[in-house]
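Understanding the architecture of this molecule
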Amino acid sequence: MTNQTRLASTDELESIFQRELVSDRWAATETAYALAVRHRDLGNWPTSREWVQQCLRLLEGFPSETEEQVATSRSSVGGVQLPTYLHSGVVQARFGDLG
């Protein structure tokens, strides 16, 4: 099993998020999405909701008129698959009431 297929712990993902937040806000947005997925899958609904909201807040800072502007730069973060395109509509569709 490689690091690519091993699921990162939420603590590991949060550490990655904190580093990315200062260096690459788009990567941090992708990691926030991954954290929302991980917490949802673990049944941590309140924490998942927090990460959904964090992801949505970060997305507000990016243009979203074209596919290129919302295309994810990675296919997965910490073993969590990312959508091909990341924008508020996708987040709302994936998380529904958590958004």
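Refer to the structure above for everything that follows.
Our subject in this report is the structure included herewith.

Cut-off values and rules
Residues numbered from 1 in each chain as written. Predicted model: local features only at pLDDT ≥ 70, side-chain atom pairs only at ≥ 80, totals over all residues. Heavy atoms only, no water. Helix = DSSP H or I, 4+ residues; strand = E, 2+ residues; numbered from the N terminus. Rg over C-alpha atoms; globule rule 2.2 N^0.38 Å. Buried < 20%, exposed > 50% of the residue type's maximum accessible area, 1.4 Å probe, protein only. Contact = heavy atoms within 4.5 Å. Expected span 1.5 Å × (residues − 1). Arc of directions from axis to C-beta. Core = buried A, V, L, I, M, F, W, Y, C linked by side-chain atoms within 4.5 Å.

**Thoughts on the overall build of the protein chain**
Helix and strand content of the protein chain: 5 helices and 2 strands. Listing the helices and strands of the protein chain from first to last along the sequence gives α-α-α-α-β-β-α. The C-alpha radius of gyration of the protein chain comes to 13 Å, within 12% of the 13 Å expected for a compact globule of 99 residues. For the protein chain, the C-alpha atoms occupy an extent of roughly 35 × 30 × 25 Å along the three principal directions. Here the protein chain holds 99 residues, and 39% of them are scored as buried. Taking contacts inside the protein chain between residues at least 6 apart in sequence as the whole, the part at least 24 apart equals 64%.

**What about helix H1 (residues 10–23)?**
With 14 residues, H1 ought to run about 20 Å at 1.5 Å a step, and its terminal C-alpha atoms sit 20 Å apart, in line with that. All buried positions along H1 are accounted for by Thr10, Leu13, Phe17 and Glu20. For H1, the angular spread of buried residues about the axis comes to 85 degrees, placing them on one side. Facing away from the buried side of H1 by more than 90 degrees, the exposed set consists of Asp11, Arg19, Val22 and Ser23.

**Examining the nonpolar core**
Counting residues in hydrophobic clusters, the biggest one holds 23 residues, and the most contacted among them are Phe17, Tyr33, Leu59, Val91 and Phe95. Contributions of two or more residues to this core are made by H1, helix H2 (25–41), helix H3 (45–59) and helix H5 (88–95). Looking at which element gives the most residues to this core, the answer is H2, with 8 residues. When neighbours within four sequence positions are excluded, Val91 is seen to be in contact with Tyr33, Val52, Cys55, Leu56, Leu59, Leu86 and Gly96.

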